[in-house]
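Residues per chain, in single letters:
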Amino acid sequence: MLNIALFGPPGAGKGTQSQLIIEKYNLAYISTGDLLRQEIAEGSELGNRVKDIIQRGELVSDEIMVELIEKKIVSSTDSNGILFDGFPRTFVQAYILDGLLLKLNTSLSCMLSLEVPNDELITRLIERGKVSGRSDDTEDVIKRRLIEYENKTLPVKEYYKERNLYYAIDGVGPIPEIFERLTSQIELTLQKEWFNLVLSGHPGSGKGTQGKLLAQKFNLYYISTGALLRKEVSNKTEIGIKVKEKMAQGDLVPDEIVIPLIEQEMKHHDDVNGFIFKGFPRTVLQAYILDGLLRRMNMRVSCAVELRVPMLDLIRRLDNRGKGEKGRPYDQSAELIVHRLEEYEFKTKPTMELYRKQNKLLEVDATGSREEVIARLSAAVDAVMKKKR
């Protein structure tokens with residue numbers, strides 16, 4: 001999803017530019033003022049509560065605003081994302097918005113701030129007051145509003161600057177020129193959107209082969225926890241010595257060993273469009289760990305793919321692999337093969353169900369030739385990428 005917060009002082013032209021942006025990118029428009037007025041007009045229970053609060057001259061609480069925003073987001077199923085106008089206005093609301101979007105399995109793509117000198121803003125607002133007859137558009141009132149805006153929103157700017165999501169846009173000039181500046185930054189943001197894929201499937205389903213082909217095709221970096229651990233074992237590092245026996249038995253390696261290896265690998269490869277995680281997460285707990293790791297880097301899991309192969313075919317594949325030159329210790333006995341297949345059923349299948357509930361799971365038929373499988377897999381992933389754009 002493309003989620004944008006449009007920022008700017010009174011008179012910066014947010015309303016005009018908002019309409020142009022939502023039309024171009026098919027975004028749902030969320031203006032907190034509009035949401036409040038709409039809810040009151042509908043006479044809903046929430047609207048009546050809001051009406052009573054406003055009539056008493058009180059501010060509408062963040063709790064109510066979040067309830068209204070969540071309702072709007074959930075109902076906007078046909079859009080490609082959300083444009084937030086007038087929210088968040090405080091750094092507390094910024095935290096709230098992050099939490100709300102996290103709950104809805106998405107995140108803010110960028111904050112675009114229309115920057116206009118105060119003299120220009122005052123001139124615009126005075127002219128607007130003459131046309132609309134708005135009594136609050138006098139010069140003294142305007143100056144107070146601008147000072148209040150700066151004081152309240154400075155922490156919000158800093159919040160998003162620290163997360164590399166804040167972009168200042170020159171808001172002076174003809175409307176088409178300003179719009180072009182905004183869309184240029186949006187396009188750059190879309191290009192920088194990370195695509196992170198969890199590649200799963202029973203042992204023998206072809207994850208290694210297909211993961212590498214997929215990474216090549218979409219400029220993603222392929223991270224195999226098994227390969228990382230085997231490298232540690234081969235190099236006889238302290239980690240390698242610790243995990244050697246577990247790996248030989250086909251058992252899961254403790255999370256505290258795997259996580260630093262994954263994080264280090266990601267930090268060394270930031271010149272790609274995203275990552276393919278093969279062999280991780282294998283448990284629901286590891287899925288939560290991966291979410292936390294990606295959040296720290298302003299990323300998230302874009303989708304999960306489970307390669308599907310009939311059980312008898314899996315056993316044949318693993319048995320043949322165990323007899324080959326590249327056979328691994330855990331493929332060389334029927335007992336170990338069954339143990340690994342059972343491990344997947346009991347520990348990893350629930351992880352795939354978690355991604356299914358989040359509407360992130362793709363199931364791909366992994367039978368047939370390597371070329372047939374990569375064609376199906378690529379088509380499925382390409383469809384998800386296009387949808388996210």
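The written sequence of each chain sets the order in which its residues are numbered from 1. Local features in a predicted model are, by the rule used here, given only for residues with pLDDT of at least 70; side-chain atom pairs are given and counted only at 80 or more, and totals for whole chains, interfaces and linings are based on all residues. Each side-chain value is derived from all of the structure's non-hydrogen atoms; neither hydrogens nor water enter the calculation.

Visitor: Please explain the overall build of the chain as it appears in this structure.
Guide: For helices the rule is a DSSP run of H or I covering at least 4 residues; for strands it is a run of E covering at least 2, with both sets numbered from the N terminus onward. Helices and strands together make up the secondary structure of the chain, namely 16 helices and 10 strands. With the C-alpha coordinates of the chain rotated into their principal frame, the extents come out at 85 × 40 × 40 Å. Relative accessibility thresholds used throughout: buried, under 20% of the residue-type maximum; exposed, over 50%; partly exposed, between the two (1.4 Å probe, protein chains only). Looking at the 389 residues of the chain, the share that counts as buried comes to 46%. Any pair of residues with heavy atoms lying within 4.5 Å of one another is described as a contacting pair. Contacts in the chain between residues at least 24 apart in sequence constitute 74% of all its contacts with a sequence separation of at least 6. For the accessible areas, the method is Shrake-Rupley and the probe is 1.4 Å, while residue cover comes only from the protein chains on display. Only carbon and sulfur atoms are counted for the fraction: they give 51% of the accessible area of the chain, which is about 20200 Å². The average position of the 57 basic charges and that of the 57 acidic charges among the side chains of the chain differ by 4 Å. Just so you know, the count uses Lys and Arg for positive and Asp and Glu for negative, and it drops His and the chain ends. Where a charge lies is defined by one atom per residue type, namely NZ (Lys), CZ (Arg), CG (Asp) and CD (Glu).

Visitor: Would you explain the sheet that holds strand 8 (residues 274-278) in this entry?
Guide: By way of backbone hydrogen bonds, the strands of a sheet pair with one another, either parallel or antiparallel. Strands are treated as partners if at least two bridges between them are detected by DSSP. The strand order across the open sheet built from five strands is 7-8-6-9-10, with neighbouring strands paired in parallel fashion. Two strands bound the open sheet, and with one partner strand each, they are strand 7 (221-224) and strand 10 (361-365). Adjacent strand axes in the sheet meet at a mean angle of 25° when their direction is disregarded. Pairing of strand 6 (residues 195-201) with strand 8 involves five bridges; the strand directions are parallel. Bridge assignment links F195 to a residue of strand 8, and that residue is G274. A fitted line through C-alpha atoms serves as each axis, taken over the contacting stretch for helices, and the angle formed by two N-to-C directions is quoted from 0 to 180°. Helix 9 (residues 207-218) rests against strand 6, strand 7, strand 8 and strand 9 (303-308) of the sheet, and its axis sits at about 160° to strand 6. Most of the contacts of helix 15 (residues 334-357) go to strand 6, to which it runs at about 145°, and overall it touches strand 6, strand 9 and strand 10.

Geometry only, nothing functional implied.
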